[in-house]
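Observations on the model geometry
The lines below spell out each chain.
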Amino acid sequence: MKKNNLVRMNQASGKKKLLSIALAGAMVFSVSPLLTQVTEAVGNGPGYGGNETINTSILHTYDEMVSYLKTQDAKQQGMELEVIGQSVKGRDLYLVKYIKNPENPTILFLTQQHGNEQLTTEGALEFIKHLGTGKMKGVTDGVNILIVPMLNADGAMGDVNFSLEDYIASGDRHLTRYNANEIDLNRDHVTKIQPETKALHENVMQKYDIDYMIDLHHQGAQSERDGKLVSGSILYPTTENVDPDVLLKSKQLGAVVFDAVDSTGWGHIGKYNGGSAETISRNGIAVEYGISTLLFEMRGMSDHEYEPYVLGQKSNGYLIKQTITTLDATVRAISDGSIENKDISFWDTLATQTTRPSE
Ligand SMILES: [Zn+2]
């Protein structure tokens, strides 16, 4: 998997595009090069526009992620790594656990149900590293943390039974929303037919006493709130079948995230315009297990066939940081109990994001 510093010109949509300046192989195994770009302000953050680098080689491959998790597992006493099942193509699916006291409240972070939404996983991996350092000292005394990274491992690796030839990104692989069977895993939370959703439900949702869940995704790159492009959008369960207390705690979870991210200067959060279907984890998991859920959609996808959905990698830094900030703020608020006093009135005035009209 050697990568040279190649500059490739690619013809797509009739436009000449400078697509890839691949990183040297040694850098690929670390998240840190991505984090050097945090300074990009979101409102002015680059879109794709046909002239910016979109290269998937900078992202962890599935194998690199597994190796990273095993390294952290060997280093961290408080961490446990468990295989919860296999993808369609036979890739082991992982659960990362920090459980000091089963009586403590538990939060689950889920990433990459959609394989082309990878910066959430990059952020989760970095957060796992933080959990092994002094920065997080004492936090896991008051909260149990479960992380399922890259649930759709086959889609993330582009190892699927359908064509990705129209996808935009350059690099070693394409990433797609769907699993290998071309099924959207986030529409499979009622029937649970796909092996990935089955593994999640049988070996995580049904085995652990989970109080909160954040389901991490990416949305299109052109959403705005109050005239400014958003760094992401959030939403609580919106099915009428959700228990009022579960809903209240979901909104409090959202309040923690909003306060932590929207105040950063680079963060700008809108309300996601979501439906009531219980096939979606945000709704289905809240109803089936009484878990308070939050959907967090980060700006821009890692790959897609539709240009306005993808985002150049100059934005990677703040989007990864947005994930780390979200995970960090929520575990701290649950650990110290402050989440229970969180004011949810901001939801009443938070505007639903809209799509910026194309020029
Ligand atoms: Zn998604």
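Structure shown above.
Attention in this report is confined to the structure presented alongside it. Keep in mind that this is a model prediction, so the values were computed, not measured.

Quick word on the overall build of the protein chain
- Looking only at helices and strands, one finds nine helices and 13 strands in the protein chain.
- Relative to its full complement of 359 residues, the protein chain shows a buried share of 51%.
- A fraction of 77% describes how many contacts in the protein chain between residues 6 or more apart in sequence connect residues 24 or more apart.

So, the packing of helix H3 (residues 119-131) against helix H8 (residues 316-335)
- Packing of H3 against H8 leaves a shortest axis separation of 8 Å and a crossing angle of 55°. If you check the angle between H3 and H8, you find them oblique. You can see that H3 and H8 cross each other, and the crossing is right-handed. Residue-level inspection shows Leu119, Thr120, Glu122, Gly123, Ala124, Glu126 and Phe127 of H3 in contact with H8, the latter providing Asn316, Leu319, Ile320, Thr323, Ile324, Leu327 and Asp328.
- Tallied by class, the residues present in the contact of H3 with H8 amount to seven nonpolar, four polar and three charged.

Thoughts on the packing of helix H2 (residues 62-75) against H3
- Two elements in contact, H2 and H3, have axes separated by 10 Å at closest approach and are oriented at 15°. Taken together, the axis directions place H2 and H3 in an arrangement best described as roughly parallel. Between H2 and H3 lies a crossing whose hand is left-handed. Note on element contacts: H3 touches H2 through Thr121, Leu125, Ile128 and Lys129, opposite Met65, Tyr68 and Gln72.
- Here the residues of the contact of H2 with H3 are counted per class, giving four nonpolar, two polar and one charged.

Details of the sheet that holds strand E10 (residues 232-235)
- Taken together, the eight strands give an open sheet; going across it, the order is E3-E4-E6-E5-E7-E12-E10-E11, and neighbouring strands pair in mixed fashion. Each having just a single partner strand, strand E3 (80-86) and strand E11 (269-271) make up the two edges of the open sheet. Mean inter-strand twist for the sheet, computed between neighbouring axes without regard to direction, equals 25°.
- In the packing of helix H6 (residues 244-262) onto the sheet, contacts are made with strand E7 (212-219), E10, E11 and strand E12 (292-299), and the angle to E12 comes to roughly 30°.

Notes on unusual backbone geometry
- Of note, Lys192 is a non-glycine position whose phi angle comes to about 55°, a positive value.
- For Lys192, the location among the structural elements is in the loop between helix H4 (153-156) and helix H5 (195-205).

Here's the deal with the sheet that holds strand E8 (residues 223-225)
- Taken in spatial order, the three strands make up an open sheet running E9-E8-E13, and their pairing is antiparallel. With partners counted over all chains shown, the strands left at the sheet margins are strand E9 (228-229) and strand E13 (354-355), one partner each.
- Pairing analysis gives two bridges linking E8 to E9, with the strands arranged antiparallel. Bridge assignment links Glu224 to a residue of E9, and that residue is Leu229.

A short note on the nonpolar core
- Among the nonpolar cores identified, the biggest contains 72 residues, and Ile107, Leu108, Phe109, Val148, Met213, Ile234 and Val257 are the most heavily contacted of them.
- The element that contributes the greatest number of residues to this core is H6, accounting for eight residues.
- Sequence-distant contacts of Val148, defined by excluding residues within four places in its chain, comprise Leu95, Leu108, Leu110, Leu200 and Val204.

So, helix H7 (residues 281-289)
- Ser281, Arg282, Asn283, Gly284, Ile285 and Ala286 are the residues of H7 that are buried.
- Where H7 is buried, its residues contact H5, E7, E10, H6 and E12.
- Backbone geometry just after H7 places Gly290 at a positive phi near 65°.

A word on the pairing of E10
- Because side chains alternate across E10, one face comprises the buried residues Gly232 and Ile234, and the other comprises Ser233 and Leu235, equally buried.
- The parallel pair E10 and E11 is bridged by H6, and the resulting crossover is right-handed.
- Pairing analysis gives four bridges linking E10 to E12, with the strands arranged antiparallel. Counted as the bridge partner of Leu235 is Leu295 from E12.

A closer look at the pairing of E12
- Where burial is concerned, most of E12 is hidden: eight out of the eight residues are buried.
- When E7 meets E12, the two strands line up parallel, connected through eight bridges. The residue of E12 that forms the bridge with Tyr212 is Ser292.

Some remarks on the environment of Leu185
- In this fold, Leu185 is placed in the loop between H4 and H5.
- You can call Leu185 buried: it has 24 C-beta atoms within 10 Å.
- In the structure, Leu185 is positioned 33 residues away from Asn152 in sequence and 7.7 Å away in space, judged by C-alpha atoms.
- Ignoring anything within four residues of it in the chain, the contact list for Leu185 reads Gln113, Leu151, Asn152, Asn179, Gln194, Glu196 and Thr197.

The rules we used
Residues numbered from 1 in each chain as written. Predicted model: local features only at pLDDT ≥ 70, side-chain atom pairs only at ≥ 80, totals over all residues. Helix = DSSP H or I, 4+ residues; strand = E, 2+ residues; numbered from the N terminus. Buried ≥ 20, exposed ≤ 12 C-beta atoms within 10 Å, placed from the backbone. Contact = placed C-beta atoms within 7 Å. Axes fitted to C-alpha atoms, helices over the stretch in contact; angles between N-to-C directions. Parallel < 35°, antiparallel > 145°, perpendicular 65-115°, else oblique. Left-handed = near helix turned anticlockwise from the far one by under 90°. Nonpolar A, V, L, I, M, F, W, Y, C, P; charged D, E, K, R; others polar. Pairing = 2+ DSSP bridges. Core = buried A, V, L, I, M, F, W, Y, C linked by C-beta atoms within 7 Å. Right-handed = clockwise from strand over helix to strand, strands pointing away.

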